[in-house]
Amino acid sequence: MNKTIFSHFHPDEREFVERAAEWIENAARYHEQKLTDFLDPRQAYILSTLAAREPDVQIRLEGGSEHAERKRALIAPDYADLSQEDMQLTVLEITPEGQRFTELEHGDYMGSLLGLGMKRDKIGDIHVLDDGCHTVVATEIASYLNLNMNQVHRLHVMTSLLPIEQLRAAEQELQTMELSVASMRLDGIASDVYRLSRSKILVPIKAGRCKVNWKPEEDPSHALKEGDVVSVQGMGRFKVLELEGITKKGRYRVKIGKFV
């Protein structure tokens, strides 16, 4: 692989870039097919970028729904027909017993899944519904989860496995807020969204626990723009929905959507 490719990506992404490049080389040179674990949007972008440089390779991305965030990728030689390939996606239906299921949130389901020893890359999107949850999981671990998952945040639950065609996808809920900020700097907007002082929000950013569009971002002065998705480990995510203009005092009016 051309070593200059690393200059296009963050140092923290080097390990994934190397793996993705190897998958693509194996498909081009040895005619191998590779089904990956779930990729986040940034990883999917990296893989797609590398694949575009190799004319003898194609990829297919699937996450179970039209607007899926996390997807598995199938990498193969360009002559293969991937349309009929099984992407090994299964729906884990989780139904809390009783009438207290409305208390459960995305993080509760995620915590319980990871608590069973699951790696995050075996779990796709988690769709929180009015009557429970549909989670897209890798088929190879679906039976284990179905047998062992019986509690979410101290509530007993029932589980069943469904084909991916029966997935009920939930629309992502955003709690909107209007901000007036001096600039579009990452640290300034993040401190307002998370209601932290500027000095406190600098800690996770400089420690590498912040991502912009799923890419690590350690520069507090990084300028955000419309459409950017920001996540800070342990604090949740938000999206810059709209730059609504500039006030007479030169401040930016920004509409933010916080994922709930």
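I will try to describe carefully the structure that is included in this document.

Calculation notes
- Residues numbered from 1 in each chain as written.
- Predicted model: local features only at pLDDT ≥ 70, side-chain atom pairs only at ≥ 80, totals over all residues.
- Heavy atoms only, no water.
- Phe/Tyr/Trp six-rings, centres within 6.5 Å; stacked < 30°, edge-to-face > 60°.
- Buried < 20%, exposed > 50% of the residue type's maximum accessible area, 1.4 Å probe, protein only.
- Helix = DSSP H or I, 4+ residues; strand = E, 2+ residues; numbered from the N terminus.
- Lys NZ or Arg CZ within 6 Å of the ring centre and 35° of its normal.
- Contact = heavy atoms within 4.5 Å.
- Pairing = 2+ DSSP bridges.
- Axes fitted to C-alpha atoms, helices over the stretch in contact; angles between N-to-C directions.
- Parallel < 35°, antiparallel > 145°, perpendicular 65-115°, else oblique.
- Left-handed = near helix turned anticlockwise from the far one by under 90°.
- Nonpolar A, V, L, I, M, F, W, Y, C, P; charged D, E, K, R; others polar.

Moving on, we come to the packing of aromatic side chains. Applying the stated criterion across every chain, the model contains two aromatic pairs. Ring centres 6.0 Å apart and planes at 80° place the aromatic pair Phe16 and Trp23 in the edge-to-face group. With respect to class, Phe16 is no different from Trp23; both count as buried. Judged by centre distance (5.7 Å) and plane angle (70°), the ring pair of Tyr194 and Phe238 falls under edge-to-face. Highlighted residues: Tyr194 in the loop between helix H5 (186–193) and helix H6 (198–206) and Phe238 in strand E13 (residues 236–246), separated in sequence by 44 residues. Accessibility expressed as a relative area gives 11% for Tyr194, which makes it buried. Residue classification places Phe238 among the buried residues on the basis of a relative accessible area of 0%. We note Arg72 situated over the ring of Phe38; from NZ or CZ to the ring centre the distance is 5.9 Å.

Here Lys206 is to be found in helix H6. Classification of Lys206 as exposed rests on a relative accessible area of 55%. Each C-alpha atom of the pair Lys206 and Pro220 lies 7.4 Å from the other, and the pair is 14 residues apart in sequence. Every residue in contact with Lys206, bar those within four places of it in the chain, is listed here: Glu218 and Pro220.

Okay, helix H3 (residues 106–115) next. Here H3 has its buried residues at Asp108, Tyr109, Met110, Ser112 and Leu113. In this fold, the buried residues of H3 make contact with strand E4 (89–96), strand E5 (123–129), strand E6 (132–138), helix H4 (139–148) and strand E7 (151–152). Gly117, located one to two residues past H3, shows a positive phi value of around 90°.

Attention shifts here to the sheet that holds strand E3 (residues 71–77). Strand order across the open sheet formed by three strands is E1-E3-E2, with antiparallel pairing between neighbours. Each edge of the open sheet is held by one strand with a lone partner, namely strand E1 (34–39) and strand E2 (57–62). Here the strands of the sheet are splayed against their neighbours by 20° on average, with no regard to which way each runs. The pairing of E1 with E3 spans four bridges and is antiparallel. Across the sheet, residue Leu35 finds its bridge partner in E3, namely Leu74. Here helix H1 (residues 14–30) sits on the sheet in contact with E1, E2 and E3, set at roughly 35° to E3.

Turning our attention to the packing of H1 against helix H2 (residues 41–52). Close contact between H1 and H2 brings their axes to 10 Å; oriented N to C, the two are set at 45°. In this view, H1 runs oblique relative to H2, as classed from their interaxial angle. Two packed elements cross with a definite hand, and for H1 against H2 that hand is right-handed. Between H1, through Phe16, Val17, Ala20, Ala21, Trp23 and Ile24, and H2, the contact on the second element is made entirely by Gln43, Ile46, Leu47, Leu50 and Ala51. Tallied by class, residues from the contact of H1 with H2 come to 10 nonpolar, one polar and no charged.

Glancing now at the sheet that holds strand E12 (residues 229–232). Taken in spatial order, the six strands of this open sheet run E9-E14-E13-E12-E10-E11, and their pairing is antiparallel. In the strand order of this sheet, the two ends are held by strand E9 (174–181) and strand E11 (215–216), each with one partner. Where H5 meets the sheet, its contacts fall on E9, strand E10 (210–212), E12, E13 and strand E14 (252–259), and the angle it forms with E9 comes to roughly 125°.

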